[in-house]
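Close look at the chain arrangement
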Amino acid sequence: MKNKHLRILENESIYVMREAAAQFENPAILFSGGKDSILLVHLARKAFYPAKFPFPLVHIDTGHNFPETIVYRDELIEKLGARLIVGSVQESIDKGRVVEETGPEASRNWLQTVTLLDTIKEHKIDAAIGGGRRDEERARAKERFFSHRDIYGQWDPKNQRPELWNIFNGRKNPGEHFRVFPISNWTELDVWQYISQEKIALPSLYFSHKRKVFDRDGVTFAYTDFMTLLPHEKVYEKTVRFRTIGDATCTGTVDSNANTLEDIIAEVAASRLTERGNRNDDKRSEAAMEDRKLQGYF
C-alpha cells in the first residue's frame, strides 16, 4: 500500500498541474535533469494518462552541464515522445545578451536568467512549471503555487495572489507569465521516498561513484574541462555523489557511499545540511537566490 502522506502530496501536485493545463494556453516544464524536475515529469504523466504527454520540456543549457545529465535528458525525451526546447547560454553570450564571467571562479549559472526569459518570450510560454520546493531556501519559501511574473519576467513577493482553498488565479496581462510550483509542499526526503516508491530512474550522478575532484573554499567539486584550477588546487580521485545537480562550475559533491535509494533516504534523513549547502552560486551573497528570483530566475 502506498504511503498515505506521499499520496496526499501526489494528489495535490496533480491537481496543480491540471489547473495549470486548464488555465494557461502554452504551459511548459522547466527541466534541469535534476530529481525535482524528473519528479515533475513523472507526475505530469500520471496527471494526464493515458493521453499524450502534455507539456514541452524547457532546458536552459549553460554549456557546462555534466554529460550524464544530457544523456539522461535525451533518453527521457525519446521515451516520452515530448518536445524539447533548449535555451542556450552560449548563444546569449554570442549575441551579446550577457557577458561571460572571467577568472577561476567564473560561472555561467547567473547568466541563465536572461536566457530563460528570452526562451519564455520566444516560445510564448505563459506558465513555466518548475520544481521549486519551500524547504530548499528562504526565498523559495515565499512562493505561491501560481507565482506571477510581470512583463519583465520579474517576481514581486509582495504582489502575489492569495490562494485560499486551493483556488488559483492565473489571470494576467499581455506579456506577463506565471511560474507554477506543483511540489511546493514536498521536502527533499518526501521526494526521495516517492522516487523509491515509484521506482523512478535517475541520472547516475545521484549515486556514489569515483571521480576526479578538487577542493575549493570548503567545497569539493568535480573536475571538468570547464574548471580552472588555482595554483594550490590539486586533482585527486574520491568516492562522491551529488545531492543536487546543476551547472558543473558551481555544484559541489558530497562524500557518500550511498549507491541505492534506501541508502540515500537514510543519508538525507540524518543530514543537517540543506541540499543546496554545496551550491557555490548560493554563497555569493546573503540574498543570492532572492536577488536572482527578483530578476526572473526560476
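Here goes a summary of the coordinates provided.

Basis of the calculations
Residues numbered from 1 in each chain as written. Predicted model: local features only at pLDDT ≥ 70, side-chain atom pairs only at ≥ 80, totals over all residues. Heavy atoms only, no water. Phe/Tyr/Trp six-rings, centres within 6.5 Å; stacked < 30°, edge-to-face > 60°. Helix = DSSP H or I, 4+ residues; strand = E, 2+ residues; numbered from the N terminus. Buried < 20%, exposed > 50% of the residue type's maximum accessible area, 1.4 Å probe, protein only. Lys NZ or Arg CZ within 6 Å of the ring centre and 35° of its normal. Core = buried A, V, L, I, M, F, W, Y, C linked by side-chain atoms within 4.5 Å.

Attention now moves to the packing of aromatic side chains. Across all of its chains, the model carries 13 aromatic pairs by this definition. With centroids separated by 5.4 Å and ring planes inclined at 45 degrees, the aromatic side chains of Phe24 and Phe178 adopt a geometry described as tilted. One end of the pair, Phe24, is in the loop between helix H1 (4-23) and strand S1 (27-30); the other, Phe178, is in strand S6 (residues 177-180), with 154 residues separating them in the sequence. When its relative accessible area of 6% is taken as the criterion, Phe24 is described as buried. Taking the centre distance of 6.5 Å and the plane angle of 80 degrees together, the rings of Phe214 and Tyr223 count as edge-to-face. Classification of Phe214 by relative accessible area gives buried; the value is 0%. Looking at Tyr223, the relative accessible area reads 35%, which means it is partly exposed. A cation over an aromatic ring shows up here: Arg134 above the ring of Phe145, its NZ or CZ 5.1 Å from the ring centre.

One finds Phe53, Phe146 and Trp192 to be the most contacted residues of the largest nonpolar core, which totals 50 residues. Of all the secondary structure elements, the ones that give two or more residues to this core are H1, helix H2 (35-48), helix H3 (67-80), strand S4 (127-129), S6, helix H6 (188-198) and helix H7 (261-270). It is H2 that contributes the most residues to this core, six residues altogether. Counting 13 residues, the second largest nonpolar core, distinct from the first, contains Ala28, Val58, Ile60 and Ile125.

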